[in-house]
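Working through the structure, step by step
Listed below, chain by chain, are the residues.
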Amino acid sequence: MLRTTEKEREALAERFSVSSIPALSANIALEETDAGIVATGTLDAEIVQPCAVTREDFNYVVHERVALLFVPEGQAARYEEDEEVELDSTAPDEIEYEGDVFDLGEALAQTLGLAIDPYREGPDADEARAAAGIESDEDVDAAPKGPLAEALAGLRTDKGE
């Protein structure tokens, strides 16, 4: 079990532009294979960040699966610039390292950074939107509104049949 200090969490909060990270730990197993060092497990964190709508802080929990493959420099998979690559969501992310050591802490910090949504909305976002008269763009069943939508509707040949 890897645990972080308050100072480390403060530095990560500043790095990822969140208000604070009250808790951060990881449970990681390391295994040496022919391909490299495989790190698997989970990363758990509590994040406090401002709501994208109200800017008021709110808390949420991050629980991320960790699957990393540390490979010596020069041994990571290489692809041509225009080559189409099919990603496998179950395959571990490859991370190259130099010399005899790799930085598991930095890899976990990057995993956390990818899990933080900078546009995450807090519990009062819908209420604040409604109070401001802002309609959600997530209502996919709603017909488009406004002058452009009306002009385009007038050009339709099927007239909604």
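First, a word on what this report is: a plain description of the structure on this page. (Residues numbered from 1 in each chain as written. Predicted model: local features only at pLDDT ≥ 70, side-chain atom pairs only at ≥ 80, totals over all residues. Heavy atoms only, no water.)

Right, let's talk about the overall build of the protein chain for a bit. Helix and strand content of the protein chain: four helices and five strands. Each helix and strand of the protein chain, placed in order from N terminus to C terminus, yields the pattern β-α-β-β-β-β-α-α-α. For the protein chain, the C-alpha radius of gyration of 23 Å lies well beyond 15 Å, the compact-globule estimate for 161 residues. With respect to the principal axes defined by its C-alpha atoms, the protein chain has extents near 70 × 45 × 20 Å. Looking at the 161 residues of the protein chain, the share that counts as buried comes to 27%. Long-range contacts, defined as pairs at least 24 residues apart, comprise 59% of the intrachain contacts of the protein chain with a sequence gap of at least 6. Taken as a whole, the protein chain presents about 11900 Å² of accessible surface, with 48% of it coming from carbon and sulfur. Here the protein chain contributes 12 positively and 40 negatively charged side chains, and the mean placements of these two sets differ by 7 Å. (Helix = DSSP H or I, 4+ residues; strand = E, 2+ residues; numbered from the N terminus. Rg over C-alpha atoms; globule rule 2.2 N^0.38 Å. Buried < 20%, exposed > 50% of the residue type's maximum accessible area, 1.4 Å probe, protein only. Contact = heavy atoms within 4.5 Å. Areas by Shrake-Rupley, 256 points an atom, 1.4 Å probe, with all protein chains shown as cover. Lys, Arg positive; Asp, Glu negative; His and termini not counted. Charge placed at Lys NZ, Arg CZ, Asp CG, Glu CD.)

Positive phi, normally seen in glycine, also occurs at S17, with a value near 55 degrees. Among the secondary structure elements, S17 is positioned in the loop between α1 (6-15) and β2 (20-32). With a relative accessible area of 62%, S17 lands in the exposed category. One non-glycine residue, R55, lies in positive phi territory at about 70 degrees. Turning to its location among the elements, R55 is positioned in the loop between β3 (37-50) and β4 (57-72). Taking relative accessible area as the criterion, R55 reaches 53% and is therefore assigned exposed.

Pairing analysis gives two bridges linking strand β1 (residues 2-3) to β2, with the strands arranged antiparallel. Paired with R3 across the bridge in β2 is S25. A loop of four residues connects β2 with β3, the two strands running antiparallel in sequence, and G36 in this loop sits at a positive phi of about 150 degrees. (Pairing = 2+ DSSP bridges.)

So, about a nonpolar patch on the surface. A cluster of nonpolar residues, L148, L152 and L155, forms a patch on the protein surface that exposes about 350 Å² of accessible area. For L155, the position within the fold is in helix α4 (residues 147-155). Among the residues examined, L155 registers a relative accessible area of 65% and is labelled exposed. (Patch = residues over 30% accessible without salt bridge, like charges linked within 9 Å, V, L, I, M, F, W, Y side chains within 5 Å. Salt bridge = Lys/Arg side-chain N within 4 Å of Asp/Glu carboxyl O.)

Interpretation note: all reported values are geometric properties and have no functional meaning in isolation.
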